[in-house]
Amino acid sequence: MAVSEVKTKKQTYLNYIDGKWVHSSTKKVDKSINPANKNEIVGYVQQSNEEDVNKAVEAAKKAQVNWRRLSSVKRGEYLYKAASELEKRMDEIAETMTREMGKTFPESKGEVQRGIAILRYYAGEGMRKIGDVIPSSDSEALMFTTRVPLGVVGVITPWNFPVAIPIWKIAPAIIYGNTVVFKPAQETAVTAAKIVECLDQAGLPAGVVNMVTGRGLVVGNAIAEHPDINAITFTGSNEVGKTIAQKAVARGAKYQLEMGGKNPVIVLDDADLDQAVEATVSGGLRSTGQKCTATSRVFVHSNVYDEFKEKLLSRVKQITIGNGLNNDTWMGPCASEKQLETVLYYIRKGIEEGATLLYGGNRLEDGEFKNGFYVQPTIFENVSPNMTIAREEIFGPVLALIKVDTLEEALNLANDTPFGLSASIFTKNIGNALSFINEIEAGLVRINEESAGVELQAPFGGMKQSSSHSREQGRAAIEFFTSIKTVLIKS
Ligand SMILES: NC(=O)C1=CN([C@@H]2O[C@H](COP(=O)(O)OP(=O)(O)OC[C@H]3O[C@@H](n4cnc5c(N)ncnc54)[C@H](OP(=O)(O)O)[C@@H]3O)[C@@H](O)[C@H]2O)C=CC1
Ligand SMILES: O=C(O)CCC(=O)C(=O)O
């Protein structure tokens, strides 16, 4: 798609409460801008407050009784319809996503396709079993488990997957009979509004999904503290995740957090180096490195270090940077000025702390890059394990190369982090692969595959501080979004 073909109309997007599109009580809006050109406004979104959250929670609570009484098969029909609505608007919504957060149009389109598949997966979930028959010690009794919804679920999402993450939380929440108060990242609230339009078009009963846009500190906080929100599902930074967890625990609400990563890739001396390079580039730099599953640390065996480095450098030099709507762009801008500043801070830290900057490291500001939040893909070497760039999540296109002599050394260093989301190894040796599977501390373990890119039908989540030890997606979602009832019947 060429930049001139853009379809997103600049308009004001409203909150969605009790089945109606409404202004926030503040009467204030925020601009959503294009990170490829900060002068371009993608739309205006409501800057809501606690009063709006209260109205949304009231609507969700009211809607919940009838919604949970509907059969899950019927609930699934709404999700199938929403999937069809999203499919009809695939290009338009993908284009909005690219303009709002910068990822390339093919990546955005892939994400919308993923959103459609998730909706269909959870629509089907309405026909799958929700319990087990368990033998009772009383031969005349029937004992079984069933699942019931939690009530009203608060959904707080980030800007990096503005379609997939909201859908992989909202779809399971509602198929299992919960109702939702959704607060998307303000950065990508136009894209979020379009998802909610699809749910509205699908005829979802009023109050089942409500959307309130606004600042995290105001709207997100009001959700975390609201006594009638029974559970909160969150994806974002560790800092915010932990405050949400504390607030949820304080009032006895259930919570689920998906947070950061510092994901390692190990390249052993028997690896297919071309495959390892391609996966490191894709896993580390696609979406401008803004994935919780992005590759960040690359541990390379000393026997192949130089060859891997040369191949990596020559591949990274081919990366085309630009507006994500241009056909030839491989990497778009950072999603926001704040994110760009964060990435530049880490690059400066890497240099100050003595790592060797091999490639990149600069903001791009000339010509077509003038008004955007562009940074070069960046590679460091001579990175020691205690350096900031080896320890903290950067969330940008920055790779740290670290030379190792053995698999054991690589595993020890790879595990030396508070995070444990995703990890990859490149090797042809099955023994090494098995050691990696056993020893690596990560929720997603990948052999000869990049660290990013998850499948919607499989459990997703991390170990250590990457998550609240729960899992999202696939059938794992039922564990968070429902409660078990153990039933014993006797005549
Ligand atoms: N695991 C992941 O996938 C993600 C990780 N991150 C990490 O977090 C860093 C910062 O990104 P950022 O966007 O600031 O992430 P945040 O954690 O601030 O944002 C995630 C969501 O939480 C909301 N939020 C913010 N503050 C609060 C609060 N006090 N109470 C409740 N909700 C709140 C945000 O609202 P709003 O933004 O509208 O104010 C947004 O909807 C990144 O550099 C990256 O390291 C970020 C995004 C995704
Ligand atoms: O790797 C992926 O596809 C998912 C990443 C993700 O969930 C995230 O960055 O928040």
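Fair warning: this is a prediction, and the values are worked out from it, not measured in the lab.

1. Here we look at the sheet that holds strand β12 (residues 263-267)
And then number 1: Reading across the sheet, the 7 strands line up as β14-β17-β18-β13-β12-β20-β21 and stay open at both edges, with mixed pairing between neighbours. In this open sheet, the two edge strands, each paired with only one partner strand, are β14 (356-359) and β21 (444-447). Direction aside, the axes of adjacent strands within the sheet are offset by 20° on average.
And then number 2: Where strand β13 (residues 295-301) lies against strand β18 (residues 398-404), 5 bridges are found, and the strand directions are parallel. If you follow valine 298 over to β18, its bridge partner there is leucine 401.
And then number 3: Of the strands in this sheet, β12, β13, β14, β17 (378-381) and β18 touch helix α10 (residues 305-317), which is tilted by about 170° from β18.

2. Describing the domain arrangement of the chain
And then number 1: Assigned domains of the chain: these are domain 1 (3-259 + 467-490) and domain 2 (263-455).
And then number 2: Once you take the C-alpha centre of each, domain 1 and domain 2 turn out to be 30 Å apart.
And then number 3: Approximately 2200 Å² of surface area, both sides summed, lies buried where domain 1 meets domain 2, with 58% of it carried by carbon and sulfur atoms.
And then number 4: Where domain 1 touches domain 2, the interface holds 0 salt bridges.
And then number 5: Of all the elements in the fold, those that place two or more residues in the side of domain 1 that touches domain 2 are β5 (37-46), α3 (90-101) and α4 (105-125).
And then number 6: For the side of domain 1 that touches domain 2, the element with the most residues is α3, which contributes 5 residues.

3. With respect to the site of ligand 1
And then number 1: Near ligand 1 you find 28 residues, and of these Trp159, Ser237, Met259, Lys338 and Glu393 are the closest.
And then number 2: In this structure, an oxygen atom belonging to ligand 1 sits 2.7 Å away from a side-chain N or O atom of serine 237.
And then number 3: Here an oxygen atom of ligand 1 and a side-chain polar atom of glutamate 393 are 2.7 Å apart.
And then number 4: Alone, ligand 1 offers 860 Å² of accessible surface; in the complex the protein occludes 87% of this.
And then number 5: Those elements giving two or more residues to the shell around ligand 1 turn out to be α7 (216-225), β10 (231-235), α8 (238-250) and α11 (337-352).
And then number 6: The biggest single contributor to the shell around ligand 1 is α7, with 4 residues.
And then number 7: Of the residues belonging to the shell around ligand 1, the class tally is 12 nonpolar, 11 polar and 5 charged.

4. Structural notes on the packing of helix α2 (residues 72-88) against helix α6 (residues 189-201)
And then number 1: Relative to each other, α2 and α6 sit at 130°, their axes nearing to 8 Å. One finds that α2 runs oblique with respect to α6. At the point where α2 passes α6, the crossing takes the right-handed sense. Mapping the contact onto sequence places Ala82, Glu85 and Leu86 in α2 and Cys198, Leu199 and Gln201 in α6.
And then number 2: Its residues assigned to classes, the contact of α2 with α6 shows 4 nonpolar, 1 polar and 1 charged.

5. A closer look at the sheet that holds strand β1 (residues 12-13)
And then number 1: Across the sheet, which stays open at both edges, the 3 strands sit in the order β1-β5-β4 with mixed pairing between neighbours. Only two strands of the sheet have a single neighbouring strand rather than two, namely β1 and β4 (29-34).
And then number 2: Across 6 bridges, β4 lies against β5 in antiparallel orientation. Across the sheet, residue aspartate 30 finds its bridge partner in β5, namely valine 45.

6. Considerations on the site of ligand 2
And then number 1: Near ligand 2 there are 13 residues, and of these Arg114, Asn160, Cys292, Thr293 and Gly453 occur at the shortest range.
And then number 2: Note that an oxygen atom of ligand 2 is positioned 2.6 Å from one of the backbone N or O atoms of cysteine 292.
And then number 3: One nitrogen or oxygen atom from the main chain of glycine 453 is found 2.8 Å from an oxygen atom belonging to ligand 2.
And then number 4: For ligand 2, whose free accessible area comes to 290 Å², the fraction covered by protein is 99%.
And then number 5: In the shell around ligand 2, the residues fall into 7 nonpolar, 4 polar and 2 charged.

7. Description of the side chain of threonine 179
And then number 1: The topology assignment puts threonine 179 in strand β8 (residues 179-183).
And then number 2: On the basis of relative accessible area, threonine 179 is assigned to the buried category, the value being 0%.
And then number 3: Within polar-contact distance, the side chain of threonine 179 engages the backbone oxygen of alanine 60 at 2.8 Å.
And then number 4: Every residue in contact with threonine 179, bar those within four places of it in the chain, is listed here: Ala60, Lys61, Ala63, Gln64, Trp67, Gly151, Val152, Val153, Gly207 and Val208.

So, how was this worked out
- Residues numbered from 1 in each chain as written.
- Chains lettered and ligands numbered in written order.
- Predicted model: local features only at pLDDT ≥ 70, side-chain atom pairs only at ≥ 80, totals over all residues.
- Heavy atoms only, no water.
- Pairing = 2+ DSSP bridges.
- Helix = DSSP H or I, 4+ residues; strand = E, 2+ residues; numbered from the N terminus.
- Axes fitted to C-alpha atoms, helices over the stretch in contact; angles between N-to-C directions.
- Contact = heavy atoms within 4.5 Å.
- Domains from an automatic or database assignment.
- Buried area = accessible area lost by both parts, 1.4 Å probe.
- Salt bridge = Lys/Arg side-chain N within 4 Å of Asp/Glu carboxyl O.
- Near = heavy atom within 4 Å.
- Polar contact = N/O pair within 3.5 Å; in protein donor to acceptor, adjacent residues only side chain to side chain.
- Areas by Shrake-Rupley, 256 points an atom, 1.4 Å probe, with all protein chains shown as cover.
- Nonpolar A, V, L, I, M, F, W, Y, C, P; charged D, E, K, R; others polar.
- Parallel < 35°, antiparallel > 145°, perpendicular 65-115°, else oblique.
- Left-handed = near helix turned anticlockwise from the far one by under 90°.
- Buried < 20%, exposed > 50% of the residue type's maximum accessible area, 1.4 Å probe, protein only.

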